[in-house]
Structures are given as C-alpha cells and as structure tokens.
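Structural overview for review
Chain by chain, the residues run as shown.
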Amino acid sequence: MSLRTQILVLLVVLVAAGVALTGGTLVTWFRTDLNNEIEATARTLREELVAKGTAVALNAALASEAAIEGTDFVFLTEILSSTVTNDPEIAYAFIANKTGRIAVHSDPAKAGSNAEGGLQKEALAKNKTISGAAQINGQPGLEVAAPVNVGGFPWGTLHLGIQLKALNQAIETATVATRARVVRGTTAVGIAALVVLVAVLVVGVFLSKRTTRPLGVLLAGIAKIRAGSLEHVVRLGGSREFVALGMAVNELSNELRVRTKKVQQNVTKLHEALSGLKTATRQREEFLANVSHELRTPLNAILAVPHHLVEDFQQGPVLHCKKCDNYFQTDRAEASGTQLCPDCKVPVATEIRLLFVGNANDHVHFIQRLKTSTATMRTIVRSLVDFSRLGGQGAQLQRKKVDVRTLIDTVRGAIVDLAKPADIRTYFPKLVLPLVLDVDDTMLSQILLNLLGNAVKFTPAGGAVSFEVEPKVDQGRKVVEFRVTDTGVGLEKNQLEAVFKDFYQVDSGHTRAKGGTGLGLSIAKRMVELHGGRIWADSAGLNQGTTFAFRLPAEAGGSTASGS
C-alpha cells in the first residue's frame, strides 16, 4: 500500500471519526436542550394553572365573605355557579364550614355533605390558600382551598376543583412538536455529516504531499467548533477541493452559530414575556384586592345600618282627635273617650300606630353612614366605569365653550370640604379675566377633582395644596397649563411616569389605608390625552411634595403631545 493510499485511509478514518463525534455531540446537546424545554413548558403551564386557580379561589372567597355574614346563601350559590360556568377548567366549587360540612355547592344536590381530603385543615391552620392533587370525574385533577374569614375570624374554606385535561393536552402538543424538532435536527446533522464525509473522499482522491497540512488545519478547526468555538473560521489553501471543504465547514459552523443565537434570543424574549405577565398578574391581583376591600367596607355599613333604623320603630297606642285630626301621646292610662283633646276639648280615641322610640341623634348618625357609604360606592363604580369606557373605542368628547373660572368655583367647594377636616390649607387662583376653553367640562372637572383629591389624600395634617392656572405658548401653539402642588409624601424619580400606568400603586399598603381604587391618575391621563393634551408629575423626592401638571390646547383639535 502506497504512502498516498495510507494517508488517504488515515484521513478518511480521522475525518469520519471527527464528524461522528461532532455530530453525536450536537445531536445529544440538541435532544437534551429540547427535553429540558418540554419539562420547563410543563412546569410553567402547571404553575400558571395553580396561580390562576389560587387567584380565582381567593377572589371568590373574598366575594363570599359579605354574603356569609349576611347569611345570603342564595347569592353564595350564584357566586359558585358563575365561577364554574365562566371557566371550563373548573369542575366544581363549594364552601365548607370549619367542621367540614359543605354549606354551599355549585351542584346544589351535594350541599350538606362532608368535604373530603385534608386541604381544609391545612388552609385553616395556615390561614392561606393551599393546592393539592384530587380525583375529578375519575381523572387526576387539582383542588385549591382558600380560607374564608367572617368578621375577622375563620369561618371555613372555599374549594375549587380544576381539571387538568387542558393542561395535559397543552403538554402533549408541546411534546409532539418538540419531538418533531428533534427528528428534523437529527436529520440535518446527519445530512451535514454525510456531506462533509463525501467531500473528504473526493478531496482524498487528489491528495498530494501537501495534503497533510490542510488536513491538520481542518481537524483543528473541527475540534474547536466541537468545543463550542462557533466563531472560529477554517482557512484552507491548496486545491479547490480543500477550499470548498473549508467553506462547507464554515457554513455549517455559521449555521449552528445563527441557530444558537436565535435560540438564545427566543429564550430571552420568553423570559421577558413571562416577567411582564407576572408583573401584570401581580398588579391585577393587588388592584382586585384593593377594590374588594373598598367595596366591602361600605357594603357592610349598608347591610348593617337598616337593622338599627328599623328596630327603633314599634307599634304603640296614641290618642287621635277626629275633629282637628291631631295625634298626641299621654302617660295616663285612661280608657278611650275619657281624655279630652287639649285644643278641641272633645273626647279622643286610642289608636295603634307605628311610633319612633329611638334616639334622633343616633338616626342622623346612621343615615349619615348610609349617605357616606353609598357615595363611596358610587365613586368606586364611577372610576371603574370610566376606566373601562376610556380603555375602549366608545369614549367621545362632548366639547363646548367653558370658562375656567366656573370650573374652579365648581371644584373649590368639594376640595375645601375634603381638606378642612384634615387641617390642610388650600389655595385657588383668582382669575379676573375670562379664560375660555373648548373642552368636555365634565371630563375636565373630573381631572381636577382626581388630582386635587389625591393631593389632599396624601398630604399630612397641617400641609397645603395649591392650584394654579396659566396660559402659555407650547411649540408655537396656545395652551393652558393646570398645576396642582402639595406638601405630601412625594415621589421617587422612577415613579414619576409609572404612577400613570393602569393598576399601578406607589405603595399598596399606603393606598389601602388611604382608600380609593388607585385608578384616578390613569383615568386623568386618558382624559387629558383624549383632549390632545399631555400630563406629567414632578417631585424632589420622598416627603418633598409633588406637582401634577397638564396642558390642554386653547383651541379644539390642537395637540401638545410633543411640547416641553
């Protein structure tokens, strides 16, 4: 066997071994990565299902507390039935008391039976939402139990049964797709390896004494690529065949590099999307918890106050003069017809009528509580309706000529009444000349009330809130700038734009203590932009006060969106 033949055989063996090792490593890596992707997808889907079930159970439990306190089990049944009807993945829902007896079930036939499993004890013991495996219609499923507190004390638990059919189908679909990608990737690697091997055989026929050097370069390049240096470029000289082989290896390396980069980019985008989804979910949960808290307080008053009002009216005897048609009471227990009317001096008759026996001051207090509670609920509902309407395509301006002085007089009384009990000073501008704008006066009033109300709410006692209006020129156009400045809690720089986002709360605990839905600034921003204006916030930092300002075009159809 000649030296050339020996070199050719050795070359073929070495290249075949290198290609096989490289291809095997790539295939193994590809399969491992895709299997990990399947597991990650299944784990993510399961976590999302648990998070969804937990959120639904928590919201249903909060919605049920007031109904349980009022023993309105018909309303409870409607809550559970709508929870099951609105989500096909939820198989059943029921509420069990602390003893385990089912008080209300989405299937009324099952009410009164005992709950099975140990989730209830764990949920009551830890006072938090617990999830665990369950059998639903003979199939593996998931059950979520959330504690239900009435009057601040544990009453029982709310249970949701969640079917895993949709989850299993999603995992099966992802698995089939991933396996198909493995087959395609393995085939591509096999074809690439076959192409490289054929090219080496063609080149080997025309080997010369100079074949050993380009062969070494080629083997070294393949080794680097196999080690992960996908940026490495193989440079071969000599015959055209070696040059072509080097180009083929470089193309394969480049393709692997491009695919790897795309995979990394897709993974990065997926992480960003998941992060955004988690943030949005957290903000929605905080928003729903805040709204449910705000609604529950006035609802409790509305449910409790009528009882105190009604019990102060009783049936009792009164004296009735038929001549003058006057009614009066007497402490003397005389028979009918024996007592005379003090005005007409004729006998009076005894009648049984509904009498008020309570304390008038208490009734004024109770009625004031009803008035305050209904006003609070009306404000919350109006904020939710405005938020929904402004978020869609149905919001339209009802423009008309409005003197800003009239709007100032309208909002001044409401803000002064709000600030006076809190010992907060208010300053409003005194406009001598008319300042007329073509705007929707209802929206502009609400913008001012939202900004001024927030300023009063977050300003401590002894502080001050000032309101200024000033005509200006912005980008060559006439505008009117409104400014509300307070001496309250202030904002950090990273919060100056975020406060206008939907569901955003600077401090959920602080907002919960102050009350409100947290939608005021978001609604104000949408109303300003609907007028073609812009709104912004400025603050020197925490506890340094805040200024909220917005500009509106002085003429209808103008825009200040790009103004300074």
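In this convention, every chain numbers its residues from 1, walking through the sequence in written order. Restriction of local features to residues with pLDDT of at least 70 applies here, the model being predicted, together with a cutoff of 80 or more for giving and counting side-chain atom pairs; totals for whole chains, interfaces and linings are based on all residues. Excluding hydrogens and water, the side-chain figures rest on all heavy atoms present in the structure.

Moving on: the overall build of the protein chain. Comment: elements are numbered from the N terminus, with helices defined as DSSP H or I runs of at least four residues and strands as E runs of at least two. Within the protein chain, the secondary structure is distributed over 11 helices and 15 strands. The classification of residues rests on relative accessible area computed with a 1.4 Å probe and restricted to protein chains. Under 20% of the type maximum is buried, over 50% is exposed, and intermediate values are partly exposed. Residues classed as buried in the protein chain amount to 37% of the 564 residues present. Note on contacts: a residue pair is in contact if any heavy atoms of the two residues lie within 4.5 Å. Taking as baseline every contact in the protein chain between residues at least 6 positions apart, the subset at least 24 positions apart corresponds to 66%. Accessible surface, the protein chain as shown: approximately 32,200 Å² in total, 57% of it carbon and sulfur. We get accessible surface area from the Shrake-Rupley algorithm with a probe of 1.4 Å; when it comes to residues, only the shown protein chains can shield them.

Core analysis: the biggest nonpolar cluster contains 41 residues, and Phe-467, Phe-482 and Phe-550 have the highest contact counts within it. Listed by contribution, the elements that provide at least two residues to this core are helix H8 (404–419), strand E11 (436–439), helix H9 (441–457), strand E12 (464–474), strand E13 (477–486), helix H11 (520–530), strand E14 (534–539) and strand E15 (546–553). The leading source of residues in this core is H9, at eight residues. What Phe-550 contacts, discounting residues up to four positions off in sequence, is Leu-444, Ile-447, Leu-448, Leu-451, Val-480, Glu-481, Phe-482, Val-528, Arg-534, Ile-535 and Trp-536. Joining through side-chain atoms within 4.5 Å is the link that ties buried Ala, Val, Leu, Ile, Met, Phe, Trp, Tyr and Cys residues into a set, and such a set is a nonpolar core. Listed in part, the 25 residues of the second largest apolar core include Ala-57, Ala-67, Val-148 and Leu-167.

Side-chain pairs of opposite charge can arise whenever the charged atoms involved come near each other. Between Lys or Arg on one side and Asp or Glu on the other, a salt bridge is scored when a side-chain nitrogen of the former is within 4 Å of a carboxyl oxygen of the latter. Taken as a whole, this structure holds 12 salt bridges when the rule is applied. We note a salt bridge from Arg-551 to Asp-474, for which the minimum N-O separation is 3.0 Å. Residue Arg-551 is found in strand E15, and its partner Asp-474 is found in strand E12; the two are separated by 77 residues along the sequence. Here Arg-551 matches Asp-474 in class, with each residue buried. The salt bridge partner of Arg-551 is Glu-481, with a shortest N-O separation of 2.6 Å. Placement of the pair is Arg-551 in strand E15 and Glu-481 in strand E13, with a sequence separation of 70 residues. With respect to burial, Arg-551 and Glu-481 carry one shared label: buried.

Further remarks concern the packing of aromatic side chains. Two aromatic rings, drawn from Phe, Tyr or Trp (for Trp, its six-membered ring), form a pair once their centres lie within 6.5 Å of each other, and the interplanar angle then sorts them: stacked below 30 degrees, edge-to-face above 60, tilted otherwise. For the structure on display, the rule yields five aromatic pairs. A centroid spacing of 5.9 Å and a plane angle of 15° characterise the contact between Tyr-92 and Phe-94, whose relative ring orientation is stacked. Just as Tyr-92 is buried, Phe-94 falls in that class too. A connected cluster of aromatic rings, assembled from ring pairs, spans Phe-428, Phe-467, Phe-482 and Phe-550. The residue whose ring lies beneath Arg-534 is Trp-536, and the NZ or CZ to ring-centre distance is 4.3 Å. Counting as a charge over the ring demands two things of the Lys NZ or Arg CZ atom: a distance within 6 Å of the ring centre and an angle within 35 degrees of the ring normal.

Our next topic: unusual backbone geometry. Here the phi dihedral of Asn-127 falls at roughly 55°; this positive angle occurs in a residue that is not glycine. You can call Asn-127 partly exposed: its relative accessible area is 47%.

So, about the packing of H8 against H9. The axes of two packed helices give the description: the angle between them and the distance between them. With axes taken as lines fitted to C-alpha atoms, and helix axes fitted only over the stretch in contact, angles between N-to-C directions fall between 0 and 180 degrees. Running from N to C, H8 and H9 point in directions that differ by 25°, and their axes come no closer than 10 Å. Classified by the angle between their axes, H8 and H9 sit roughly parallel to one another. H9 is crossed by H8, and the crossing has right-handed handedness. Between H8, through Leu-407, Val-411, Ala-414, Ile-415, Leu-418 and Ala-419, and H9, the contact on the second element is made entirely by Asp-441, Leu-444, Ser-445, Leu-448, Leu-449, Leu-452, Gly-453 and Val-456. Residues are grouped as follows: Ala, Val, Leu, Ile, Met, Phe, Trp, Tyr, Cys and Pro are nonpolar; Asp, Glu, Lys and Arg are charged; every other residue, Gly included, is polar. In the contact of H8 with H9, the residues fall into 11 nonpolar, two polar and one charged. With respect to orientation, any angle under 35 degrees is reported as roughly parallel, any angle over 145 as roughly antiparallel, any angle of 65 to 115 as roughly perpendicular, and every other angle as oblique. The hand of a helix crossing depends on one turn: near helix anticlockwise from the far one by less than a right angle means left-handed, and clockwise means right-handed.

Glancing now at the pairing of strand E3 (residues 130–136). Pairing between strands is defined by DSSP: at least two bridges between them are needed. Pairing of E3 with strand E4 (residues 139–150), which is carried by seven bridges, proceeds in the antiparallel orientation. Residue pairing in the sheet places Ser-131 in a bridge with Val-144 of E4. The antiparallel pairing of E3 with E4 creates a hairpin that spans two residues between the two strands, and Asn-137 there sits at a positive phi of about 55°.

Here we take up the state of the cysteines. Our working definition of a disulfide is a cysteine sulfur pair at a distance within 2.5 Å. All chains considered together, the criterion is met by zero disulfides. We note that Cys-341 lacks a disulfide partner, and the nearest cysteine sulfur, in Cys-321, lies 3.7 Å from it. Free cysteine Cys-344: the closest other cysteine sulfur is in Cys-324, separated by 3.6 Å.

Attention shifts here to the confidence of the model for the protein chain. For every residue, the predictor assigns a confidence score, pLDDT, that lies between 0 and 100. Residues with a pLDDT of 70 or more make up 78% of the protein chain, whose mean pLDDT is 78. A low-confidence stretch, residues 508–513 stays under pLDDT 50, and its non-local contacts, those more than four residues away or across chains, total nine contacts.

On to the sheet that holds E3. Spatially, the five strands line up as an open sheet ordered E2-E1-E5-E4-E3, and their pairing is antiparallel. The sheet terminates laterally at strand E2 (102–105) and E3, the two strands that pair on one side only. Along the sheet, successive strands turn relative to each other by an average axial angle of 30°, direction set aside. Relative to strand E5 (residues 153–163), E4 runs antiparallel, the two being bridged by 10 bridges. Following the sheet pairing, Pro-147 is matched in E5 by Thr-157.

The subject of this paragraph is the sheet that holds E13. Overall, mixed pairing links the five strands, which are arranged E10-E12-E13-E15-E14 in an open sheet. Each edge of the open sheet is held by one strand with a lone partner, namely strand E10 (425–427) and E14. Each neighbouring strand pair of the sheet contributes to a mean axis angle of 20°, computed without reference to strand direction.

The subject of this paragraph is H9. Working rule for helices: expected span equals 1.5 Å times residues minus one. For H9, built from 17 residues, the straight-helix expectation of 24 Å at 1.5 Å per residue is met to within 8% by its first-to-last C-alpha distance of 24 Å. Within H9, 13 of the 17 residues are buried, which leaves the element mostly enclosed by the surrounding structure. Where H9 begins, the side chain of Asp-440 points an oxygen toward the backbone nitrogen of Thr-442, at a separation of 3.1 Å. Definition of a polar contact: a pair of N or O atoms within 3.5 Å, with one able to donate and the other able to accept a hydrogen when the atoms are protein atoms, and with sequence-neighbouring residues admitted only if both atoms are side-chain atoms.

Between H9 and H11, the shortest axis-to-axis distance is 9 Å and the interhelical angle comes to 145°. Between H9 and H11 lies a crossing of left-handed hand. Judged by residue contacts, Met-443, Gln-446, Ile-447, Asn-450, Leu-451 and Asn-454 of H9 engage Gly-520, Leu-521, Ile-523, Ala-524, Met-527, Val-528 and Leu-530 from H11. Among the residues forming the contact of H9 with H11, the class breakdown is nine nonpolar, four polar and no charged.

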